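# Secondary and tertiary structure notes
Single-letter residue listing:
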Amino acid sequence: MFMMTLSQLQQKEIITINRGERLGFISDLEIDPDEGYIISIIILLREGAPLFGKHQEVIIPWEQIITIGEDVILVKDEKRVYDK
């Protein structure tokens with residue numbers, strides 16, 4: 001198994017495989033407290049300027065990750081949860 005730190009993951013741009021959309025970079029991870037596995041990645045959207053210092057977050061389930069490359073992470077874009 002290959003180990004990677006959060007800071008290494010945060011350097012990789014998230015791109016949707018279906019549309020080639022550039023979502024941005026990982027800002028945080030959601031981790032299962034009992035098992036220690038990553039449940040989802042959290043991205044601050046690149047689109048538009050933040051309103052009153054708030055960014056919109058997108059939560060992408062770990063199962064939607066297709067591959068983690070050297071520079072990018074490719075994800076399916078079928079399910080996105082927007083957190084306001």
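Described in the following lines is the structure provided in the data block. (Residues numbered from 1 in each chain as written. Predicted model: local features only at pLDDT ≥ 70, side-chain atom pairs only at ≥ 80, totals over all residues. Heavy atoms only, no water.)

## A few points about the nonpolar core
Among the nonpolar cores identified, the biggest contains 13 residues, and Ile14, Ile26, Ile41, Ile60, Ile73 and Val75 are the most heavily contacted of them. For this core, the elements supplying multiple residues, two or more each, are β2 (22-31), β3 (38-44), β4 (57-61) and β6 (72-75). When residues of this core are assigned to their parent elements, the largest contribution, 3 residues, is made by β2. Apart from the residues within four sequence positions on either side, Ile41 is in contact with Ile14, Ile26, Asp28, Leu29, Val58, Ile59, Ile60, Trp62 and Ile65. (Core = buried A, V, L, I, M, F, W, Y, C linked by side-chain atoms within 4.5 Å. Buried < 20%, exposed > 50% of the residue type's maximum accessible area, 1.4 Å probe, protein only. Helix = DSSP H or I, 4+ residues; strand = E, 2+ residues; numbered from the N terminus. Contact = heavy atoms within 4.5 Å.)

## Re the pattern of salt bridges
Going through the model one piece at a time under the given rule, you end up with 2 salt bridges. Across the salt bridge formed by Glu13 and Arg22, the nearest N and O atoms sit 2.9 Å from each other. Residue Glu13 is classed as buried on the basis of its relative accessible area, which comes to 8%. (Salt bridge = Lys/Arg side-chain N within 4 Å of Asp/Glu carboxyl O.)

## Section: the pairing of strand β1 (residues 13-16)
Remember that side chains alternate between the two faces of the sheet whenever the strand is regular. Side chains of β1 alternate between two faces, with Glu13 and Ile15 and Ile14 and Thr16 buried alike. Note that β1 and β2 share 3 bridges and pair antiparallel. Note that in β2 the partner of Ile15 across the bridge is Arg22. Between β1 and the antiparallel strand that follows it, β2, lie 5 residues; Gly20 among them carries a positive phi value of about 70 degrees. (Pairing = 2+ DSSP bridges.)

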